[in-house]
Every structure is written in C-alpha cells, then in structure tokens.
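Tertiary structure, described
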Amino acid sequence: MAFLNEQTTDQGIKVSVSVPCSSQGLVVLYDSLTHSVIARYEIHRILFYARGVMDSKEASCFAFTWSHGDTQESAIFQCHVFRCDISEAVSRVSACFAKAFQRVPRSMSSSVASTAEMTSSITTVSESRHLMSVFEVNLEIKEDDGKGTFSTVAKDRSGFKLRVNLEKQLCLSIRQVSDNGPQLSIERYFGVLVAAGRHVRHSDMQLLEMDKTGPNYNCNSLIDRNCTMISATWDPTESAFESLNTETPKDVRQYMTVAVDLVIRGIQEPVRFQIETPVRIYGQAERFWYFQKRSLIQQFFLNLKEIVNLDLTDVYYEVLSMETSGELDRNRLNLTLNLSSLIQSPSITSIDTITPKDENASDGDEPLLSGTGLVSKDCAEDVLENWADVLQKWKTTHQRPKQLNSLVKLGIPEALRGEVWQRLAGSDEVLLEKYRLLITQESACENVIQRDIARTFPAHDFFKEAGGLGQDSLYRVSKAYAVYDSEVGYCQGLSFLAATLLLHMPEEQAFGVLVKLMYQYGLRDLYKDGFDNLYLRLYQLNKLMEEQLGPLYQHFNAHSIETHMFASQWFLTLFTARFPLYFVFHIIDVFLLQGIETLFQVALALLTMCMKDLLSLDFEGILKYFRVSLPKKCRSEETAKQIMKKACAIKVKKLKKYEADFAALNEAADNEESNASEVVQLQMTIQRYEEEKRLMLDEIVQLKEILKREVSAAESERKSSQNVINEYKVVRQRLDSQLNAANVKLDLIKMIVFRR
Amino acid sequence: MCDLFKRELLFKVLVIGDFGVGKTSIIKRYAEGTFSTKYKITIGADFALKQIDWDSETRINIQLWDIAGHERFGYLTSVYYRYAVAAAIVFDLTRPDTFVAVSKWLNDLRDKVSLPHGKPLPVIILANKGDVAANKVPVQIEEFCKKNQIVSWYITSAKENRNIDSAMNRLILEALENQRNNNLYNSDSLMLAEEANSGTHNSSRLCCSR
C-alpha cells in the first residue's frame with residue numbers, strides 16, 4: 001500500500017468498484033471513464049480483505065486477495081490494492097465487503113444475472129420470493145462401552161440396535177447441502193430432544209441432559225461454516241425413556257424420535273429438525289457383529305419465504321414448510337451426482353468411519369461368527385460402466401474378455417456377483433434340471449446337514465431364522481449335493497460354501513455353481529475320504545511359507561505349529577467359515593477366476609499381514625490369533641481389499657514341484673513301509689521253513705525208529721522161520737528115514753509074500 | 001504362596017463326541033464361563049486354554065482340544081490325540097444315537113493314544129443337554145462305564161452350567177494322579193513338559209507324511 005501511495009495519481013488506473021450485497025455476487029471493477037468492465041471477482045473466492053491503518057498514510061487504501069484455479073495446488077493468488085481519492089470512502093468500502101462476506105444472498109438467481117443489481121446496494125425492492133434450502137442431518141448413537149468411552153451402536157435396516165441401561169450419546173451433524181439456495185449458516189442450537197415412539201407430540205419430547213454449561217451454549221458442539229456437530233448425553237434409565245430401555249419383544253417394531261432445535265442465521269424462529277427411526281432394544285450383554293456401524297442420514301427441505309427489510313439493510317427468511325426425505329440410503333446417494341461430492345467431505349466421514357482398531361479392543365476374545373459383515377451393493381459408476389463393457393463382450397464372444405482378470409481381482413461389484421460367478425463357473429442347464437430331482441431324494445447325511453444349517457452364517461439375517469427361507473434353501477442345496485456326489489456326500493464345511501452362493505443366486509443356480517466348484521475347481525478332492533489332497537495342499541503351503549516367509553516358518557517350527565492347525569479350515573471352506581463376508585466374497589471372486597492357487601495366495605497374504613504379530617506369540621497365542629484376532633483384522637473393507645490386492649500379487653510358482661516332492665515323500669514312506677514289511681515276511685518265511693525242517697527231522701527220526709523196529713521184527717521173524725524150516729527139515733529127515741525103513745519093511749514083506 | 005514356587009503343569013485334554021452334541025459349548029463354558037445359543041461348526045480342531053490354581057503349589061494349564069465331530073474328520077484330527085493326558089467323551093441326551101457313538105469314539109481313542117507307562121487314558125463321559133432331557137439317561141451307561149474303565153459319568157448342561165466344573169475337576173484329578181505315579185517311576189518332575197516338547201518336534205514330519 002505504501003508503494004502505491006508513492007506513485008503519482010496519473011500513474012494509476014482510475015476505476016470504480018462495485019461490491020455486491022451478498023456472498024454470492026461479484027466484485028466488479030469498471031473503468032471510471034468508459035464504464036466498461038475491467039474485471040470481476042467472485043466474493044466466495046476472495047480470501048482476505050484489508051484496509052490501511054486508520055490515521056496512517058495508508059488510510060485511504062484497501063486491498064483484497066483473490067484466487068483462481070481449479071484446485072488448491074494450481075490456484076493462482078492475486079492481490080489487488082486500491083487507493084481512494086477520499087480516504088473516508090474506505091470505511092464504506094470496508095463495510096460493504098463485510099456485509100458481502102456475511103450476508104445471505106437475496107437472490108437465488110445466478111451470479112451472472114445478478115451482476116446488474118450488484119452494481120450498487122441501492123435497488124428497488126424486489127417482491128418476496130420462495131426459496132428452498134436443503135439440510136442433511138446425520139444421526140449416530142453411541143453407547144458406553146464400559147471403558148470410559150462411547151462407541152457407535154450397530155444399525156441395520158431395522159434401525160439402531162440399543163442395549164438397556166447403557167448410557168448413550170446422540171451425535172448429530174447438520175449441514176446445508178443445497179448449492180443453489182441461500183447460504184444459511186447455523187448459529188447455535190437449543191437442545192436435543194428424545195421421545196419413544198413416533199408421531200409424538202411436542203410436549204412428550206424430553207430435553208436431553210446437557211453439559212454443565214447449559215443448552216444455549218455451543219461448548220459441546222462444533223460449528224463451522226459447513227457442518228455443525230452436536231452431541232448430547234442420554235441416560236436411558238430415566239423413567240421417561242422406559243420403553244426405550246426395555247428389551248423389544250420379537251414381533252414389535254419400536255420407534256424413537258430425535259429432534260434438535262437450531263437457530264439459523266437469517267431465520268428468526270428456531271427450526272426443528274425431527275427424525276423418527278426404528279430401534280430395537282436388546283439386553284445389556286447382547287453383542288453385535290456388524291462392522292458397519294452406520295449413521296442415519298436424513299435430508300430436510302426448508303421452503304423459505306424471503307423477506308426484505310424496508311431499509312434494505314437486511315434480508316431474512318420465514319419458514320413456510322418443511323419436508324423430510326425420510327432416511328437416506330447412503331449407498332444410493334453415491335449415484336446422485338450433485339450430492340456425491342458431499343459424501344467424501346471430511347466432516348461427514350470423520351463421524352462415520354469407526355476405526356476397526358477400536359472394535360478389536362472392545363470385542364475381546366470372542367471369535368467372529370460366520371457370516372458377519374454387511375456387503376453393500378453400492379458401486380462407483382465408472383466401475384459399473386467397465387463391467388457393462390466386459391459383460392457385453394463376454395456375452396458375444398463367449399470367452400473371458402481380457403479386462404476381466406484385472407476387474408475381478410479388484411472385487412466384483414456385489415450387485416453383479418451372482419451373474420458373474422455363474423459365468424465364471426460356467427453354468428450347466430443339465431445340472432439345474434437335475435437339481436429338481438435331487439431334492440426329492442433321500443440322503444444318509446440328512447442328520448448332519450440338519451445340525452449344521454443353524455450353525456452356518458448365524459450372523460447373517462438371511463440364515464438367522466430357524467425354518468426361514470435361508471435355512472430351508474441351504475438345507476436343500478446341501479442335501480442335493482450329498483445325493484449328487486455320493487462319494488463325498490456331505491462334509492462339514494460344505495454348508496458354508498453353499499450359503500455363500502445362496503446369498504447371490506437362487507437355489508438351482510447355487511447348486512450348479514457348487515457342483516462346479518467341487519468338481520471343476522478341484523475342491524472335491526480336498527474333501528475326499530482320507531483328506532489326501534488336503535494334506536498335499538497343506539504341505540505345499542508349508543513349503544511356500546518356507547520359501548517366502550522364512551522367519552515365520554521357523555517360528556512356527558519352533559512352536560510346533562503345523563499348517564493343518566490353521567489352514568485346513570481355510571482351505572476346506574474357502575475361507576468362508578470365519579472371515580467377514582466382503583472378504584469371503586472377494587476371495588470367491590478370485591478363486592472362480594483362477595482356481596486353487598488362490599488358496600495359497602490368500603493364505604500367504606494373511607500370514608504376511610500378521611507376521612509381525614505372530615512372531616511375538618507362542619503356541620496357544622498363535623492358535624488363538626488365527627481363531628479370533630485374524631478374522632477381526634479383516635473386518636474393515638479397506639483391509640480386506642488390501643489383503644486381496646497383496647494376495648493377487650503373490651507368485652505361487654513351485655506348486656507342481658512341491659506336489660512331486662510330496663508324492664515322492666509319500667512314496668518313500670510307502671516304500672520304506674513295504675521294504676520293512678518284506679523283511680518281516682522273509683523272516684517269517686525263514687522261521688516257517690525252519691520250523692518245517694525241524695518237524696521233518698523229527699519225522700525222520702521217528703521213521704528211522706519205526707524202520708529199525710520193523711527190521712528187527714523182520715529179523716526175528718526170519719530167525720523163527722529158519723528155526724521152523726530147520727525143524728521141518730529135521731522132521732522131513734525123520735519122516736524120510738521112517739519112509740525108508742517102512743519101504744525096507746515093505747520089501748521084506750513083499751518078498752515074504754512072493755515066497756509063499 | 002509365591003507364584004515363583006508354583007509348579008506349572010500342562011495338561012492336554014481332548015473333548016470328543018458326535019457332531020452337534022455340544023463339545024464347543026462345554027469348552028466355552030468351562031474355559032470362558034459363557035454360553036451362546038449361536039453355536040458353531042468345528043472344522044478340524046479348535047483349542048482353548050484354561051488355567052487353574054489347583055492347590056497352593058500347583059498351577060495347571062489345561063489345553064482343551066475341541067475335536068470336530070463329523071466322523072469324516074477322524075483322519076484329520078487323530079493327530080491331535082498325541083500327548084493327551086485325559087479325555088471327555090460327550091453325547092447328547094436328546095439324541096440316543098450319539099450315546100451309541102460313544103463306544104466308537106472310545107475305541108478310536110484307545111486305539112490311538114495311551115499313557116507312557118501303558119495305562120489307559122482317563123476318560124469321563126458327559127451326558128450333555130441335561131437341561132432339556134435329564135430323565136433320558138441311557139440305562140446301560142453304568143454298565144458301559146464299568147466295562148470300559150471309564151472314570152465317571154455326569155449329566156451336564158453347558159447352558160445352565162451344570163456339573164461341568166466338577167466333571168472336569170474329576171478328570172484333572174485322575175490326570176494328576178497319573179502324573180504323580182509317572183513321576184515316581186522317573187523321579188523327574190519335569191518329565192511331562194519335556195516329553196510334550198520332544199514329542200511335538202517330529203510331529204511336522206508326521207503331519208506331512210500322514
């Protein structure tokens with residue numbers, strides 16, 4: 001300014017400056033001679049206005065800084081310095097700027113159209129107009145978590161889930177979201193009111209206990225230009241809230257009404273924003289497993305009537321009516337273009353995102369139930385467009401398009417999963433036909449299946465109810481599979497796979513994809529009797545760990561942790577039994593794309609992620625970590641995404657080699673076994689032969705004995721026969737001699753006779 | 001008494017029985033003192049730890065192994081039987097066939113594990129869901145226990161926390177007794193811990209080669 005002062009008057013350019021009366025206008029510089037416009041500066045882009053110090057040389061100067069450019073980085077800042085001929089005029093200019101900075105615009109018309117009336121603040125009184133302004137209220141309820149802090153309560157389609165007797169906090173954030181209405185800033189708030197039920201009378205609302213400083217102060221609220229945050233404490237044990245502090249019976253729908261009264265600049269009467277929301281009250285010990293602790297978002301449309309004071313120094317508004325959108329689904333909001341930018345605004349996300357770290361601490365040792373984690377169907381438009389292209393190509397060429405790989409690895413949009421999964425697996429009409437027959441047949445596994453149905457995804461609404469639609473279809477699909485695949489039948493763990501599929505497609509199709517997963521993708525081998533293939537996979541994982549995660553491998557060895565202790569469940573159920581659903585779904589996306597190696601990639605990515613933690617734990621600690629902490633770590637959608645990204649980048653190269661190693665090991669073990677058994681057999685044979693030999697020798701001895709006896713018997717017989725013969729010989733000799741004697745006698749007699 | 005002078009023991013206890021009889025619930029009740037109607041399927045085996053100060057000089061760390069009940073997993077889970085010092089076989093009073101299965105589980109157990117000095121593993125039988133059907137105790141149970149050297153049997157309820165502590169205490173008493181006898185043999189009070197360590201060392205080989 002001092003520099004400007006030193007210049008002579010004729011060196012400068014004479015301009016006249018017009019300052020608008022509201023923040024929506026333009027500061028316009030006119031050439032004082034030609035009255036042509038030299039430049040325009042939007043008020044909202046003027047960062048700073050200053051004037052020279054009164055009674056100094058610079059008293060007749062003023063300046064402002066103006067920025068232009070699209071982003072903060074590329075913005076160019078200009079400083080414009082002016083000197084007035086009459087120094088008193090500076091005060092008026094300052095006043096005009098002050099007004100322009102503060103004042104809500106009088107006009108809803110675009111800034112270009114309004115330039116005309118901005119040239120001076122003296123305009124004719126325009127007739128009062130009707131305007132609309134939109135506010136968005138974000139409501140979040142927190143509960144005392146027993147650790148001195150409040151954590152956000154769970155919320156789903158049936159509203160907030162509250163627990164009895166726990167002190168609560170209501171956190172509201174309110175912001176104006178309409179770009180084109182008048183800028184209304186919230187000055188302060190009067191208080192937060194709560195009542196049970198809906199359509200409540202004003203008198204039934206209870207003002208909440210405010211902090212010591214009283215309701216009219218903003219001490220526990222944070223007001224900035226964009227967003228007002230208010231929190232109030234609510235003691236549910238007070239008698240007025242009795243119905244909000246008793247457990248809600250099963251078939252009853254309970255509501256609560258929350259209201260906040262705000263003083264808005266430019267509106268004379270306080271404005272009440274009232275929200276009615278369903279709630280469900282549970283016992284104090286109840287636990288919920290939803291990661292997404294959403295807040296409720298509701299928009300309010302204020303129909304305003306513009307009223308301009310006669311002296312034109314002030315504009316204010318009267319509220320004619322107020323409408324509300326009812327609860328907005330944030331997911332839907334993404335699609336409406338004009339609001340999308342708001343959703344990323346830090347003031348809202350900071351309330352809304354609960355760091356999973358907090359939850360880890362608050363949940364203690366309880367393992368995560370299967371089927372936790374809401375998976376939202378929202379999806380950025382550009383992603384959907386990419387998918388539309390790919391799906392179109394796929395349909396026409398019947399081949400997986402090139403871009404499919406990278407898209408699937410990023411995670412299939414939830415809304416498309418059902419279709420894409422079926423396509424990846426390849427649907428089979430014959431199977432679908434068969435399904436109708438299969439469900440009519442009986443299975444030996446019915447008993448086991450029945451037991452498991454209630455234990456599958458108990459945390460998911462669809463499968464929660466006994467005899468509900470979800471459990472019924474799960475039973476039928478599992479049973480149909482047991483009938484279809486009589487060798488594997490039903491094996492515990494299958495129900496998780498079936499349930500995952502059922503969340504995305506009708507029964508027949510789910511059955512079809514299940515069959516494909518089992519047969520085509522080789523999961524069936526894992527389940528086969530004896531679990532040989534599972535052992536192979538576990539061996540491969542062990543080798544991969546040795547190769548890629550050396551320190552962890554050694555740590556596990558030192559603590560006798562074997563892969564089957566944590567990974568058999570991962571592999572058998574494709575990670576479905578313990579992990580949150582969006583993680584599970586993403587794994588299935590990639591598994592259907594590329595098959596069994598995904599198991600290793602995900603396992604290694606998980607182990608890598610928690611290597612540091614695991615290295616500090618012992619046997620019990622490690623196993624517990626796998627059971628409790630690890631699934632919880634994946635509860636944040638962002639973490640799950642990152643793990644999958646990491647997993648997809650992991651190279652799993654030597655599977656074949658390890659498979660061969662495993663087979664060789666098995667064979668060696670078998671050989672060893674068979675060699676050993678051969679020796680045993682030979683020994684036994686020898687023993688047998690020896691025994692036989694011994695027996696034969698015995699026999700020989702016996703035979704000899706017998707023979708000897710026979711021989712001696714024969715000898716003695718021979719001798720006795722000889723004797724007999726000799727006797728007979730003697731007898732014969734005697735007889736012979738007798739005969740001779742007789743013959744001699746006879747001859748004698750004959751001679752006698754003849755002589756006679 | 002100062003903790004430093006306490007002797008620490010590690011007992012590995014198996015909990016087995018048919019699917020859905022409430023093994024996980026019993027373990028949860030015993031180790032954590034809680035019960036949930038939302039029960040879960042055990043695939044493979046699970047594990048919980050309970051520490052008890054048995055007397056002024058003994059602290060026992062009990063490793064409770066929750067073995068999957070589906071018979072298919074028998075192949076997978078027998079690896080967990082090693083170095084167990086006691087076992088509880090659970091059946092469901094509301095399902096008579098689960099009692100029939102008790103003898104199958106017992107045979108399996110006796111086949112696969114015995115104590116170092118050849119004694120049979122101490123086993124108790126838990127007739128669970130006693131809150132629903134306490135009156136349906138199988139008549140043969142007494143005889144079965146006598147015949148099969150079962151330490152004792154109890155009607156339990158994980159839901160109502162009935163008899164679980166006393167049953168487990170009985171089992172641990174048996175295990176302690178065995179431990180003492182074992183120590184008399186070896187006169188080495190650290191034997192069990194050492195055994196457990198040296199035993200598990202070669203287990204990785206066993207796992208991979210079945």
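Residues numbered from 1 in each chain as written. Chains lettered and ligands numbered in written order. Predicted model: local features only at pLDDT ≥ 70, side-chain atom pairs only at ≥ 80, totals over all residues. Heavy atoms only, no water.

Concerning the overall build of chain A
Check the secondary structure of chain A and you find 26 helices and 19 strands. Expressed as a percentage of the 756 residues in chain A, the buried residues total 46%. Put simply, of all contacts in chain A between residues at least 6 apart along the chain, 70% involve residues at least 24 apart. Put simply, chain A shows about 39,600 Å² of open surface, and 52% of that area lies on carbon and sulfur atoms. (Helix = DSSP H or I, 4+ residues; strand = E, 2+ residues; numbered from the N terminus. Buried < 20%, exposed > 50% of the residue type's maximum accessible area, 1.4 Å probe, protein only. Contact = heavy atoms within 4.5 Å. Areas by Shrake-Rupley, 256 points an atom, 1.4 Å probe, with all protein chains shown as cover.)

Observations concerning the sheet that holds strand S5 (residues 61-68) of chain A
Residues and elements named next belong to chain A. Across the sheet, 3 strands lie side by side as S4-S5-S6; this open sheet has antiparallel pairing. Two strands bound the open sheet, and with one partner strand each, they are strand S4 (46-51) and strand S6 (76-83). Going from strand to strand, the sheet's axes swing by 15° on average, the running direction of each strand aside. Pairing of S5 with S6, which is carried by 8 bridges, proceeds in the antiparallel orientation. Bridged to Ala-63 within S6 is Val-81. (Pairing = 2+ DSSP bridges. Axes fitted to C-alpha atoms, helices over the stretch in contact; angles between N-to-C directions.)

Structural notes on the packing of aromatic side chains
Residues and elements named next belong to chain A. Evaluation of the coordinates by the stated rule reveals 31 aromatic pairs over all chains. When the centroid spacing of 5.4 Å and the interplanar angle of 70° are considered together, the rings of Tyr-41 and Phe-64 count as edge-to-face. In this pair, Tyr-41 is assigned in strand S3 (residues 37-42) and Phe-64 in strand S5, connecting sequence segments 23 residues apart. Of the two residues, Tyr-41 and Phe-64, both sit in the buried class. Among the aromatic side chains, those forming a connected cluster through ring pairs are Phe-556, Phe-566, Trp-570, Phe-575, Phe-579, Phe-583 and Phe-626. When the ring centre of Trp-394 is taken as reference, the NZ or CZ atom of Arg-423 above it lies at 5.3 Å. (Phe/Tyr/Trp six-rings, centres within 6.5 Å; stacked < 30°, edge-to-face > 60°. Lys NZ or Arg CZ within 6 Å of the ring centre and 35° of its normal.)

Section: the packing of helix H11 (residues 429-438) of chain A against helix H16 (residues 507-519) of chain A
Any two packed helices are characterised by the angle at which their axes cross and by the distance between the axes. All names here are of chain A. Between H11 and H16, the shortest axis-to-axis distance is 9 Å and the interhelical angle comes to 110°. Taken as axis vectors, H11 and H16 run roughly perpendicular relative to one another. Here Leu-431, Leu-432, Tyr-435, Arg-436 and Leu-438 of H11 come into contact with H16, specifically with Glu-507, Glu-508, Gln-509, Phe-511, Gly-512, Val-515 and Lys-516. Considered class by class, the residues forming the contact of H11 with H16 number 6 nonpolar, 2 polar and 4 charged. (Parallel < 35°, antiparallel > 145°, perpendicular 65-115°, else oblique. Nonpolar A, V, L, I, M, F, W, Y, C, P; charged D, E, K, R; others polar.)

With respect to the sheet that holds strand S4 (residues 86-92) of chain B
Residues and elements named next belong to chain B. Taking strand neighbours across the sheet as the criterion, the 6 strands line up as S2-S3-S1-S4-S5-S6 in an open arrangement whose pairing is mixed. Lying at the two open borders of the sheet, with one neighbouring strand each, are strand S2 (45-55) and strand S6 (152-155). Within this sheet the neighbouring strands show an average axis-to-axis angle of 25°, counted without direction. Pairing of S4 with strand S5 (residues 123-128), which is carried by 6 bridges, proceeds in the parallel orientation. Residue pairing across strands places Ile-89 opposite Ile-125, the latter belonging to S5. Packed onto the sheet, helix H1 (residues 23-32) meets strand S1 (7-17), S2, strand S3 (58-67), S4 and S5 and runs at close to 160° relative to S3. Along the sheet, helix H3 (residues 96-112) makes contact with S1, S4 and S5, crossing S4 at roughly 160°.

Some thoughts on the environment of Glu-446 of chain A
Residue and element names in this part refer to chain A. Checked against the element boundaries, Glu-446 lands in helix H12 (residues 446-453). The partly exposed category is assigned to Glu-446, whose relative accessible area is 25%. Each C-alpha atom, one on Glu-446 and one on Tyr-490, is 8.6 Å from the other, the two residues being 44 residues apart in sequence. For Glu-446, the contacting residues outside a window of four places in its chain are Gln-441, Tyr-475 and Lys-479.

Section: the interface of chain A and chain B
Size of an interface, as often reported, equals the accessible area lost when the parts are brought together. Taken together, the 41 residues of chain A in the interface contact 35 residues of chain B. Summing the contributions of chain A and of chain B, the shared interface buries around 3,800 Å²; its carbon and sulfur component is 58%. At the surface where chain A touches chain B, the tally comes to 0 salt bridges. On the surface where chain A and chain B come into contact, there are 2 residue pairs in polar contact (both at pLDDT 80 or more). Contributions of two or more residues to the side of chain A that touches chain B are made by H12, helix H15 (494-502), helix H18 (532-548), helix H20 (563-572), helix H24 (619-633) and helix H26 (655-755) of chain A. A per-element tally of the side of chain A that touches chain B places H20 of chain A first, with 5 residues. (Buried area = accessible area lost by both parts, 1.4 Å probe. Salt bridge = Lys/Arg side-chain N within 4 Å of Asp/Glu carboxyl O. Polar contact = N/O pair within 3.5 Å; in protein donor to acceptor, adjacent residues only side chain to side chain.)

Side note on the pairing of strand S18 (residues 296-308) of chain A
All names here are of chain A. Of all 13 residues in S18, 11 are buried, a share of seventy percent or more. In the sheet, strand S7 (residues 130-144) pairs with S18 via 10 bridges, with the strands oriented antiparallel. In the sheet register, Phe-135 faces S18, and the bridge partner there is Phe-300.

By themselves, these observations are geometric and do not establish any function.
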